[in-house]
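Chain residues, written in single-letter form:
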Amino acid sequence: MPTVAERLRSPKEKTLHIAALAIGSVLWVLIAFAAWGALTNPDPRVSGVAALYAFYFVAFGLFIFLSSVFYRATAFGNMILLGPKQFPQLHAMVVAGSAALGLTSPPKTFLYNSNGLFNAFARRLLGGRYVFLTSALVDAETDAQVKFVIGHELGHHAAGHLNPWLNFLKLPAHFIPFLMPAYSRSREYSCDRIGAHLTDDLTEARRSLQMLGCGCKRLNDAMDCEAFSEQEAMVPQVAGFLVEIMRTHPRLTRRVLALRQHPERGA
């Protein structure tokens, strides 16, 4: 029986996931053969350059590892970790959403001062699952809207978007123009569906997305998602297309439109 995340995964994501995985795997094989050939080349100039690139590769991996170590230390030392005694209402949303999506344990979730910036994101740090919420977003949105945001970020974990080994295999696919941004956008649509499913309130889910563009708590109740969706028709086709293909996230008008149909019916 498919999981909630698998059932709500967008069809485009499934196709692009397979494409990115296949292309990345093939490219890794070609890179490995080329690297081995260069390293064993009798010409010291060729093998020397290959060794230098191998060093850069290892150094980059070490940089990523240390970045995770330092970021986790920063989070525990400066951000607010949600728990039964620390903002229990928000923590309960994380626990309930994690259970509904079949996660073995809820990700450690932090609230931090964003100085007015609206954002939320999920990360894997040293094998652990984490979710980060900005104070501005939580302050401006209703409980149902925050629940959508939490559900969206949990969706990234439940759908396997942050699996380090799969992402490593897909890494060379970033050399294919426009492929990985398109894959990233398809994942956002999938997680919007998951967030809406957990919220069980399509209007508030769509308003939560619109609030990313509005950002004003005072006007939250007055937002009209249909009027906002109508702006999509006003986006210049050529310029809108060129801007969209470079982005990792779909524009908000499209995301709000995509949730008009209930996600269980394949929005």
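Preceding this paragraph is the structure being described.
Below you will find a few notes about this structure.

Conventions and cut-offs
Residues numbered from 1 in each chain as written. Predicted model: local features only at pLDDT ≥ 70, side-chain atom pairs only at ≥ 80, totals over all residues. Heavy atoms only, no water. Buried < 20%, exposed > 50% of the residue type's maximum accessible area, 1.4 Å probe, protein only. Core = buried A, V, L, I, M, F, W, Y, C linked by side-chain atoms within 4.5 Å. Helix = DSSP H or I, 4+ residues; strand = E, 2+ residues; numbered from the N terminus. Contact = heavy atoms within 4.5 Å. 1 Å grid on protein atoms, 1.4 Å probe; cavity = no way out; pocket = protein on both sides within 12 Å on 5 of 7 lines; lining within 4 Å. Points joined across faces, edges and corners; volume = space filled by probe spheres on them. Nonpolar A, V, L, I, M, F, W, Y, C, P; charged D, E, K, R; others polar. Axes fitted to C-alpha atoms, helices over the stretch in contact; angles between N-to-C directions. Parallel < 35°, antiparallel > 145°, perpendicular 65-115°, else oblique.

### Quick word on unusual backbone geometry
1) Next: Although it is not a glycine, Leu126 sits at a positive phi angle of roughly 55 degrees.
2) Next: A relative accessible area of 37% means that Leu126 is categorised as partly exposed.
3) Next: The backbone of Asp200 sits at a positive phi, close to 60 degrees, despite the residue not being glycine.

### Some points on the nonpolar core
The tendency in soluble globular proteins is for nonpolar side chains to be buried as a group.
1) Next: Judged by nonpolar contacts, the single largest core of 37 residues is most densely connected at Leu133, Phe148, Ile150 and Leu154.
2) Next: In terms of residue count, the dominant contributor to this core is helix H6 (residues 143-158) (five residues).
3) Next: Apart from the residues within four sequence positions on either side, Ile150 is in contact with Leu90, Met93, Val94 and Leu133.

### Topic: the layout of surface pockets
1) Next: There is about 380 Å³ of room inside the second largest pocket.
2) Next: What lines the second largest pocket is a set of 20 residues, and nearest its centre among them are Lys12, Arg185, Ser186, Tyr189 and Arg254.
3) Next: Element by element, the count of residues in the lining of the second largest pocket is highest for helix H8 (residues 179-199), at six residues.
4) Next: When the residues that make up the lining of the second largest pocket are grouped by side-chain class, the tally is ten nonpolar, three polar and seven charged.

### Looking at the packing of H6 against helix H9 (residues 202-214)
1) Next: Their axes nearest at 8 Å, the elements H6 and H9 cross at an angle of 75 degrees. Relative to H9, the element H6 lies roughly perpendicular. Two secondary-structure elements touch here, H6 through Ala144, Gln145, Phe148 and Val149 and H9 through Glu204, Ala205, Arg207, Ser208 and Leu209.
2) Next: Per-class residue counts for the contact of H6 with H9 are five nonpolar, two polar and two charged.

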